[in-house]
Amino acid sequence: MNKNALVATDIGGTFTDLVYAKIDPATGQLNDITSIKTDTTPASLEKGVLNAIQLSDVAISEIDRFIHGATVVINALTERKGSKTGLITTRGFRDTLEIQRGNRPALYDFRYSKPKPFIPRYLRCEITERIDYLGRVQKAILLEELDKIIELFRAEEVESIAVC
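Residues numbered from 1 in each chain as written. Predicted model: local features only at pLDDT ≥ 70, side-chain atom pairs only at ≥ 80, totals over all residues. Heavy atoms only, no water.

Asks: Would you mind going over the sheet that holds strand E5 (residues 85–90) with me for this structure?
Replies: What links the strands of a sheet is backbone hydrogen bonding, and the strands pair in either a parallel or an antiparallel sense. Ordered in space as E6-E5-E9, the three strands form an open sheet in which the pairing is parallel. Sheet topology places strand E6 (124–127) and strand E9 (160–163) at the edges, where each strand pairs with a single neighbour. On average, each strand axis in the sheet is tilted by 25° relative to the strand beside it, whichever way the strands run. In the sheet, E5 pairs with E9 via four bridges, with the strands oriented parallel. Considered in E9, the bridge of Ile88 is made with Val163. (Pairing = 2+ DSSP bridges. Helix = DSSP H or I, 4+ residues; strand = E, 2+ residues; numbered from the N terminus. Axes fitted to C-alpha atoms, helices over the stretch in contact; angles between N-to-C directions.)

Here it is, written out as structure tokens:
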């Protein structure tokens with residue numbers, strides 16, 4: 001089978017959208033553009049995508065490019081909803097989320113106040129390690145420091161962990 005289809009999906013809070021187009025191999029033009037909308041399945045977000053693919057009659061074997069977005073993630077961030085998250089970061093970077101880029105993004109906006117960090121400070125943990133800008137290890141990671149961090153996360157009932 002020729003792979004000549006482009007599929008793009010987006011998982012939203014209510015609906016999962018899919019756009020399907022055939023790619024003309026000679027010109028690269030998109031033809032026969034079709035869209036499908038199906039219910040988002042919050043407990044298993046991938047099911048909404050698979051349902052949309054099934055409804056579209058797209059043969060998976062024909063898909064040349066698959067583009068995926070998740071508005072549901074943006075919604076979770078803007079609405080400040082989601083799982084209780086802990087952060088593990090390099091020693092010295094614990095407060096980067098809170099410091100941001102200084103006092104005010106607009107120099108003369110005296111009413112500006114920084115948004116509250118998504119992860120509270122007590123759930124932002126540091127681990128000893130350092131890598132330079134070329135990816136070379138300057139200080140090896142001390143994995144034994146993870147035990148104390150994991151213990152804290154368990155005690156605080158953290159549901160997800162970001163490592164940055």
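Asks: Whenever I open this one, the sheet that holds strand E1 (residues 5–11) confuses me. Can you help?
Replies: Ordered in space as E3-E2-E1-E4, the four strands form an open sheet in which the pairing is mixed. Each edge of the open sheet carries a strand with a single partner, namely strand E3 (30–39) and strand E4 (63–69). Taken over all neighbouring pairs, the strand axes of this sheet differ in orientation by 15° on average, direction set aside. Where strand E2 (residues 15–23) lies against E3, eight bridges are found, and the strand directions are antiparallel. Residue pairing for E3: Phe15 is matched across the bridge by Asp39. Docked against the sheet, helix H1 (residues 45–56) engages E1, E2, E3 and E4, running at close to 135° with respect to E3. (Contact = heavy atoms within 4.5 Å.)

Asks: I would appreciate a short explanation of the nonpolar core in the present structure.
Replies: Side chains that are nonpolar tend, in soluble globular proteins, to be buried together. Of all hydrophobic cores here, the largest spans eleven residues; its members are Ala5, Val7, Ile11, Leu18, Tyr20, Ile36, Val49, Ala52, Ile53, Val58 and Ile63. If you list the elements that add at least two residues to this core, you get E1, E2 and H1. Those residues in contact with Val49 that lie beyond four places of it in its chain are Thr9, Ile11, Thr16, Phe66 and His68. If you look at the next biggest cluster of nonpolar residues, it comprises nine residues, including Ile88, Cys125, Phe153 and Val158. (Core = buried A, V, L, I, M, F, W, Y, C linked by side-chain atoms within 4.5 Å. Buried < 20%, exposed > 50% of the residue type's maximum accessible area, 1.4 Å probe, protein only.)

Asks: So what exactly am I meant to see when it comes to the environment of Pro25 here?
Replies: Inspection of the secondary structure puts Pro25 in the loop between E2 and E3. Residue Pro25 is classed as exposed on the basis of its relative accessible area, which comes to 77%. Considering only alpha carbons, one finds Pro25 and Arg65, 40 residues apart in sequence, at a separation of 13 Å.

Asks: Hey, could you run me through the packing of aromatic side chains in this one?
Replies: Given two aromatic rings, one states the distance between the centres and the angle between the planes to describe the pair. Applying the stated criterion to the full structure yields zero aromatic pairs. Here Arg80 stacks its cationic end above the ring of Phe118, 4.3 Å away from the centre of that ring. (Phe/Tyr/Trp six-rings, centres within 6.5 Å; stacked < 30°, edge-to-face > 60°. Lys NZ or Arg CZ within 6 Å of the ring centre and 35° of its normal.)

Asks: Would you take a moment to explain the pattern of salt bridges for this structure?
Replies: Close approach of charged atoms lets side chains of opposite charge pair. Per the stated rule, a full pass over the model turns up eleven salt bridges. A salt bridge links Asp17 to Lys37; the nearest nitrogen and oxygen atoms lie 2.8 Å apart. Taken as a pair, Asp17 in strand E2 and Lys37 in strand E3 lie far apart in primary sequence, 20 residues in all. When its relative accessible area of 25% is taken as the criterion, Asp17 is described as partly exposed. Residue Lys81 pairs with Glu79 through a salt bridge whose shortest N-O separation is 3.4 Å. Accessibility expressed as a relative area gives 44% for Glu79, which makes it partly exposed. A network of salt bridges, in which partner residues are shared, links Asp95, Glu98, Arg121 and Arg124. (Salt bridge = Lys/Arg side-chain N within 4 Å of Asp/Glu carboxyl O.)

Purely geometric numbers; function is a separate question.
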